[in-house]
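# Chain and residue survey
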Amino acid sequence: MDKVKLGHNAFTYPMPMTLVGAVVDGKPNFMAVGWVSRVNARPPMIAVALGSHHTNAGIHEHGEFSVNIPDIELLKAVDYCGLVSGKRQDKSGVFELFYGDLAHAPMIQACPLTMECRLVQAVQLPTNTVFIGEIVEAFIGEQYLTDGKPDIQKLRPFTLTMPDNRYWAVGDQVGRAWGSGRDFTT
Ligand SMILES: Cc1cc2nc3c(=O)[nH]c(=O)nc-3n(C[C@H](O)[C@H](O)[C@H](O)COP(=O)(O)O)c2cc1C
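Scope of this entry: the structure provided in the associated data block. (Residues numbered from 1 in each chain as written. Predicted model: local features only at pLDDT ≥ 70, side-chain atom pairs only at ≥ 80, totals over all residues. Heavy atoms only, no water.)

### What to know about the sheet that holds strand β1 (residues 15–16)
The antiparallel open sheet is built from three strands, whose spatial order is β1-β13-β14. Both edges of this open sheet fall to β1 and β14 (166–169), since each of them pairs with a single strand only. Of the pairings in the sheet, the one linking β1 to strand β13 (residues 158–161) comprises two bridges and is antiparallel in character. Of the residues in β13, the one forming a bridge with Pro 16 is Thr 159. (Pairing = 2+ DSSP bridges. Helix = DSSP H or I, 4+ residues; strand = E, 2+ residues; numbered from the N terminus.)

### Thoughts on the environment of Leu 97
Mapped onto the secondary structure, Leu 97 falls in strand β7 (residues 97–98). Sequence-distant contacts of Leu 97, that is, excluding residues within four places in its chain, are made with Pro 28, Phe 30, Ser 92, Pro 106, Met 107, Ile 108 and Gln 109. (Contact = heavy atoms within 4.5 Å.)

### A few points about the sheet that holds strand β3 (residues 27–33)
With antiparallel pairing, the seven strands of this open sheet are ordered in space as β3-β2-β6-β9-β10-β5-β4. Two strands in the sheet have a free side with no partner beyond their single neighbour: β3 and β4 (36–40). Each strand of the sheet is rotated relative to its neighbour by a mean of 35°, with strand direction disregarded. Strand direction decides the pairing type here: β4 and strand β5 (residues 45–50), joined by four bridges, are antiparallel. Looking across to β5, one finds that Asn 40 is bridged to Met 45. Here helix α1 (residues 54–62) sits on the sheet in contact with β2 (18–24), β3, β5, β6 (64–69), β9 (113–124) and β10 (129–140), set at roughly 60° to β2. Along the sheet, helix α2 (residues 75–83) makes contact with β2 and β3, crossing β3 at roughly 100°. (Axes fitted to C-alpha atoms, helices over the stretch in contact; angles between N-to-C directions.)

### Structural notes on the pairing of β5
Most of β5 sits inside the fold, with six of its six residues counted as buried. Residues Met 45, Ala 47 and Ala 49 of β5 are buried on one face, and the alternating residues Ile 46, Val 48 and Leu 50, pointing to the opposite face, are buried as well. Turn length for the β4-β5 hairpin, with the two strands adjacent in sequence and antiparallel, is four residues. Examined bridge by bridge, β5 and β10 share six bridges and lie antiparallel to one another. Opposite Ile 46, over in β10, you have Gly 133 as the bridge partner. (Buried < 20%, exposed > 50% of the residue type's maximum accessible area, 1.4 Å probe, protein only.)

### Section: the state of the cysteines
Summed over the entire model, instances satisfying the criterion amount to zero disulfides. With no disulfide partner, Cys 81 has as its closest neighbouring cysteine sulfur the one in Cys 111, 9.5 Å distant. (Disulfide = S-S within 2.5 Å.)

### Considering the nonpolar core
If you look at the biggest cluster of nonpolar residues, it comprises 19 residues, and the most contacted ones within it are Val 20, Val 48, Phe 65 and Val 67. Within the residue set of this core, elements represented by two or more residues are β2, β3, β5, β6, β9 and β10. In this structure, Val 48 is in contact with Val 20, Val 33, Trp 35, Val 36, Phe 65, Val 67, Thr 129, Val 130 and Phe 131, ignoring residues within four places of it in sequence. By size, the runner-up hydrophobic cluster in this structure holds 13 residues, among which are Met 17, Val 78, Cys 81 and Phe 158. (Core = buried A, V, L, I, M, F, W, Y, C linked by side-chain atoms within 4.5 Å.)

### A closer look at unusual backbone geometry
Cis geometry is found at the peptide bond from Tyr 13 to Pro 14, where omega equals -15°. With respect to the helices and strands, the residue Pro 14 is situated in the segment before β1. Note the cis peptide between Arg 42 and Pro 43, where omega equals 0°. Mapped onto the fold, Pro 43 is located in the loop between β4 and β5. In this structure, Asp 25 is a non-glycine residue whose phi angle is positive, near 50°. Considering the arrangement of structural elements, one finds Asp 25 in the loop between β2 and β3. Here Asp 25 falls in the exposed class, since its relative accessible area comes to 65%. Backbone geometry places Asp 147, a non-glycine residue, at a positive phi of 50°. Position of Asp 147 among the secondary structure elements: in the loop between β11 (145–146) and β12 (149–150).

Geometric values such as these leave the question of function open.
So this is what it looks like as structure tokens:
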């Protein structure tokens, strides 16, 4: 297959869209985040790569944050939280909130799946800080479960592509992880 060079500003496809929450100056604040990944198995840890944003101050101050998985219905509100900074506009009233065990990890009622996280490490990179958090608890609406497990078709999350800056719905199931490769032959 012929290849052309794309340059080095490349991304993975797709990226999950999330809202990261923290309490900044006493107020809940949320930002849109596509650079997020599970990074440790036991204990479960998740990492978010944040540029220099208002949210960062709250995570540094309290050592707690939330990762919220929105559904397609929330797309405009998510984009708003990615366009507007809490430095200039109070975003504390955008969503109805709830809390779990952590007092400074505000979670969004309307998001099908939410996680409260305790900060484990903040790794400073040239432009971004990678906040690594241990997932203390996760919350899900019962209607999003099938056989006790989160069901992506019910969750209806959406994804991000860069650098074309588009949102996408999730498509069809195409295989079984730890299964489809069993009858692979070379
Ligand atoms: C689709 C989308 C994805 C984004 N992903 C990230 C991200 O992964 N990391 C980041 O630092 N900022 C990301 N942003 C930018 C922040 O969400 C944005 O700057 C936000 O206004 C910061 O809010 P705050 O200043 O209230 O913390 C994203 C924005 C959008 C619209």
